[in-house]
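Residue-level listing of the chains:
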Amino acid sequence: MAEFTNANTVSVAAGQNVPLTETAVAGKGCVVHREGAGIVTLRGITNQCKARFKVGFGANIAIPTGGTVGAITAALAINGEPLNSATAIVTPAAVENYFNIYVTAFVEVPRGCCLTVAAENTSTQTVLFANANFVVERVS
């Protein structure tokens, strides 16, 4: 298991990943992350056909001052592609109005391969992310 966090409030541009600045729990060799980066690499180190991971992301999100009030979204992304099944949508009534989101997905990595996972701002505008928490658990 590995846990990466960012306790700060950060502005994340549309289409960009949420930066993860602290390693709360270091993973084993199958989970690789560089502090400050938004991408986590999952490695298929296994004797089976594939390694399975459970990936979860939670944060508080809001529209920054000067933004347009409307629906905002965030999603888990695999190799840069957001997952529709792991997308959170909230509609704040005003700027700086925070909502808590949480998304999770199982990710299978073929033996000997690597995949990247990230939490991405899939909105059409910049979004504030506060108290971001990204957890990866090897389940098989």
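Please refer to the structure placed before this passage.
Keep in mind it's a predicted model, so treat the numbers as computed, not measured.

Draft legend 1. Representation of unusual backbone geometry. Not every positive phi belongs to a glycine, and N79 is a case in point at roughly 50°. Tracing the backbone through its elements, the reader meets N79 in the loop between β6 (72-78) and β7 (81-90). Residue N79 is classed as partly exposed on the basis of its relative accessible area of 48%. The backbone of N131 sits at a positive phi, close to 55°, despite the residue not being glycine. Here N131 lies in strand β10 (residues 127-138).

Draft legend 2. Seen up close, the packing of aromatic side chains. Tallying each qualifying case throughout the model produces 2 aromatic pairs. With a centroid separation of 6.4 Å and 50° between ring planes, the pair formed by F57 and F129 is classed as tilted. Remark: F129 occurs in strand β10 and F57 occurs in strand β5 (residues 50-62); sequence separation between them is 72 residues. The buried category is assigned to F57, whose relative accessible area is 1%. Looking at F129, the relative accessible area reads 1%, which means it is buried.

Draft legend 3. Focus on the pairing of strand β9 (residues 114-121). The element β9 is largely enclosed, with a buried count of 6 among its 8 residues. In the sheet, strand β4 (residues 39-43) pairs with β9 via 5 bridges, with the strands oriented antiparallel. Looking at the pairing, L42 lines up with L115 of β9. Pairing geometry for β6 and β9, over 5 bridges, is antiparallel. When the bridges of β9 are listed, A77 appears paired with A118.

Conventions we followed
Residues numbered from 1 in each chain as written. Predicted model: local features only at pLDDT ≥ 70, side-chain atom pairs only at ≥ 80, totals over all residues. Heavy atoms only, no water. Helix = DSSP H or I, 4+ residues; strand = E, 2+ residues; numbered from the N terminus. Buried < 20%, exposed > 50% of the residue type's maximum accessible area, 1.4 Å probe, protein only. Phe/Tyr/Trp six-rings, centres within 6.5 Å; stacked < 30°, edge-to-face > 60°. Pairing = 2+ DSSP bridges.

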